[in-house]
Amino acid sequence: MSSTDYNYDRDAQFFPYFILTITSLVTVPVTYSLLKPSKELENTATRIQSEFTPEHADLIEGQKKKQKRRERRLKRFIVSLVGWLVIAWMIYLMVVTARTTPKIWDPYDVLGVARSATEKQIKSHYRRLSLTEHPDKAREDASRNITKESINDHWVEITKAFKSLTDEEIRNNYLQFGHPDGKQSLSIGIALPKWIVTEGHGKYVLLVYALLLGALLPYFVGKWWYGTQRVTRDRVLVASAGHLFREYKPEMGDGAVIGVLSSGEEFNEILKGNKADHGASKVEQKILEEGEISLKSKAGLDEKDRRTLQNLDGTRRKVLSLLWAYLGRIELDDETLNDEKFEVAPIALQLNESFIAISLAYGMTSPVLSAYHVSQNLIQAVPPSASPLLQLPYFTTKVVQAVEGDASRRHMSIQDFMHLSADLRKKQATGPGLLTGDQYKDAIATASQLPFLHVEKTFFKVVGERYVTPSSLVQFVIKARIIPPGSVNVPPVKESDLEDIDAPEGDVAAITGRKDDKSSEKPIQPPLAHAPYFARNRSPRWHVFLADSKQGKIAVPPFTFSTFDKPLQDESGKPTFNVQTLKMQFGAPPQAGRYTFVMHLVCDSYVGMDTKMEVTLVVEEASKAEEMGEDDEISEPDEDTVAGQLRTLKSGSLPGATKPKKRYADDSSDGSDTEGDVDTESETDTDTDTDDE
């Protein structure tokens, strides 16, 4: 009767296999996550070329590196490196162990006969060996290290093997159980070297097991679970989201949104201990100094923003002061304070995205627009209501004042500035105390690379239908081009590019106007935002939504676009001015009528590059749409009749030729006559009125 024996890996033969398996389960996934190409837009997009280096560029770059460390890439690299070193060591031990482990004694191998050999064949082979291997026959050979002793030992092995195989019982044991003594007890090997559990080491093994299973495993599982529960989908702390929710108001300006963002709990983690009070009064004094332009402070605070700041205390007051110092590009004369100034901005932007989601839940237009504007301000380090020209390299408040003039009542956008004649631009921006010639050239070169999305046409449509009917699925189509400020020789738009052909059924990417990574054509990314003061790489995003101006509410929630379907630049880097198609879908109103919305097209990364225009959706009664469809379906004469042949000669088309696909379009400046004839080019009855800002 067999028994079960438990033994340890005395010769460390299997221990490397165990360690290799466990290490590989951790090392391979970590290495893959470290080396796999990133699909984030910030890691794959191109950059706008500029020679400009902001003040404290070393601090900004240091914040970027600090963020990478927070993303645990360094930790993953260390884990991966250590893991592969352990794997290499285990493979080395496996190779060495395979060489040194003695082979199991096998009489068949010793005699050199097959396992299928009969007793007669074994005896015959033994007699032949005795003629050459017997000590009386074999000869010593020093060159081959064959001595008298080795000859005797070898003959003893041969004799032992012969006796084992000529005994019927022993031979059957080898054939059935692989062992000369017959069936053995079940042996279960534990892949741990014996020295670990002997010589008094057993208590340490128990201690290690207790630490792993009783302490480390619960700790890491709890830490992971707590980490997933303490943040929201927008990757902000749940406590911070609660603060943003409580401070939301239906009417909020840009400054009010900045004040709300200072309530984030994330700031407490970077301003721990003495950092919360260090230099707080100094920062506040700097940002409240009188500005050179208007009644606002140097950092851009108005009277309402001042009161908000003075009503706060503790860490939040310093955070809000640092945010205004960052927006106003205020020099704080302290490296630690300047570093904190650049650190709070990316955190505030993350909180702002969460605030946008909260504002959209309420559906009011004002807070959403203010939050989008704050996103622009944070990325560009420009105070609210400040000149968009501050986004250009080397432009300061003094340069802006020289360009816009003292009597100007409104700020000049980058597009307005680039539309000026080259001589006038240079005359206003350069001179003593202003820009040098080289600085001016770099500023102009940077401005000519900014991606301004110019809307060429907008219209509503229903896929496969000529009219919009109540409760139908409507597409709002935007035809636009990326036209960098100051572009010259811009080609006119082709009418064919402004049409929208129905996509094949089932092509979701074409219907929605968005490509994905699985499609044969990859989406086109714009360059990273030119934001030299922002301590993160940022890919521009465009948000499109429809609002009801009378009620001040959002009618259709924003659709976000970050890529395009056609190239933005040719091989030489020049703009292509291709017409891009942006689409958003929503349900039509349940009642027929004319619905006028205000379309907002907002870029979250640049100030002054938004588009606002009125669009009108015409919803026809379902019965009226059917009647119009029947009136348009006039029967044509058969081709084999005289009338049919005359029609063919008159039209110039060949018999049997297929009709072209219907195209859906509607000019943004021409309204459709819902009471009379329908434009032959437009298959969807809509009105679109433009009111560019």
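Residues numbered from 1 in each chain as written. Predicted model: local features only at pLDDT ≥ 70, side-chain atom pairs only at ≥ 80, totals over all residues. Heavy atoms only, no water.

An unreviewed UniProt entry annotates the chain as DnaJ-domain-containing protein of Mytilinidion resinicola.

Bringing the packing of aromatic side chains into the picture now. According to the stated counting rule, one finds 13 aromatic pairs in the structure shown. Seen from their ring centres, Phe 52 and Tyr 533 are 6.3 Å apart, and the 55° between their planes marks the pair as tilted. In this pair, Phe 52 sits in the loop between helix H2 (41-44) and helix H3 (57-70) while Tyr 533 sits in the loop between helix H23 (508-512) and strand E6 (542-548), placing the two residues 481 residues apart along the sequence. For Phe 52, a relative accessible area of 15% translates into the label buried. (Phe/Tyr/Trp six-rings, centres within 6.5 Å; stacked < 30°, edge-to-face > 60°. Helix = DSSP H or I, 4+ residues; strand = E, 2+ residues; numbered from the N terminus. Buried < 20%, exposed > 50% of the residue type's maximum accessible area, 1.4 Å probe, protein only.)

On to the side chain of Thr 446. Locating Thr 446 in the fold gives a position in helix H22 (residues 437-447). On the accessibility criterion, Thr 446 (1% relative accessible area) is buried. A distance of 2.8 Å separates a polar atom in the side chain of Thr 446 from the backbone oxygen of Asp 442. Discounting residues that sit within four places of it in the chain, Thr 446 has contacts with Ile 48, Gln 49, Ser 50, Pro 393 and His 530. (Polar contact = N/O pair within 3.5 Å; in protein donor to acceptor, adjacent residues only side chain to side chain. Contact = heavy atoms within 4.5 Å.)

A few words now on the nonpolar core. In this structure, Phe 395, Phe 476 and Met 599 are the most contacted members of the largest nonpolar core, which totals 112 residues. With eleven residues, helix H17 (residues 335-362) is the single largest residue contributor to this core. Apart from the residues lying within four places of it in its own chain, the contact partners of Phe 395 are Arg 329, Leu 389, Leu 390, Val 400, Val 403, Phe 417, Ala 429, Leu 435 and Ala 443. Listed in part, the twelve residues of the second largest apolar core include Val 113, Tyr 126, Trp 155 and Phe 162. (Core = buried A, V, L, I, M, F, W, Y, C linked by side-chain atoms within 4.5 Å.)

With that out of the way, let us pick up the sheet that holds strand E8 (residues 579-587). Judged by pairing direction, the sheet is antiparallel, and its three strands sit side by side in the order E3-E4-E8 without closing on themselves. One side of each edge strand has no neighbouring strand; the edge strands of this open sheet are strand E3 (453-461) and E8. The average angle at which neighbouring strand axes cross in this sheet is 20°, direction not considered. Sheet topology places E3 next to strand E4 (residues 473-482); eight bridges connect them, and they run antiparallel. (Pairing = 2+ DSSP bridges. Axes fitted to C-alpha atoms, helices over the stretch in contact; angles between N-to-C directions.)

Another point: the UniProt feature "transmembrane region" (unreviewed entry) in the chain. The UniProt entry lists residues 14-35, 74-95 and 204-226 under the feature "transmembrane region" (unreviewed entry), expressed in the numbering used here. Within residues 74-95, the helical portion is 100% and the strand portion 0%, while the C-alpha atoms at the span's ends are 32 Å from each other. (UniProt positions renumbered as here; feature names shortened; annotations may be inferred.)

Turning our attention to helix H1 (residues 15-35). Given a rise of 1.5 Å per residue, 21 residues ought to cover 30 Å, and the 30 Å separating the end C-alpha atoms of H1 matches this to within 8%. The sharpest bend along H1 measures roughly 35° and falls at Ser 24. Those residues of H1 not exposed but buried are Phe 15, Pro 16, Leu 20, Thr 23, Thr 27, Val 30, Thr 31 and Leu 34. (Expected span 1.5 Å × (residues − 1). Bend = angle between axes of the 7 residues up to and from the residue.)

Moving on to a positive patch on the surface. Judged by side-chain charge, Arg 47, Lys 65, Lys 68 and Arg 69 come together as a positively charged surface patch. For Lys 65, a relative accessible area of 48% translates into the label partly exposed. (Patch = residues over 30% accessible without salt bridge, like charges linked within 9 Å, V, L, I, M, F, W, Y side chains within 5 Å. Areas by Shrake-Rupley, 256 points an atom, 1.4 Å probe, with all protein chains shown as cover. Salt bridge = Lys/Arg side-chain N within 4 Å of Asp/Glu carboxyl O. Lys, Arg positive; Asp, Glu negative; His and termini not counted. Charge placed at Lys NZ, Arg CZ, Asp CG, Glu CD.)

Summed over the entire model, instances satisfying the criterion amount to 14 salt bridges. Asp 500 serves as the salt-bridge partner of Lys 461, at 2.9 Å between the closest nitrogen and oxygen. Of the two residues, Lys 461 sits in strand E3 while Asp 500 sits in strand E5 (residues 500-501), which places them 39 residues apart along the sequence. Just as Lys 461 is buried, Asp 500 falls in that class too. Its salt-bridge partner being Asp 500, residue Lys 479 comes within 3.9 Å of it at the nearest N-O pair. Here the residue Lys 479 occupies a position in strand E4, and Asp 500 occupies one in strand E5, the gap between them amounting to 21 residues. Of the two residues, Lys 479 and Asp 500, neither departs from the other in class, the shared state being buried.

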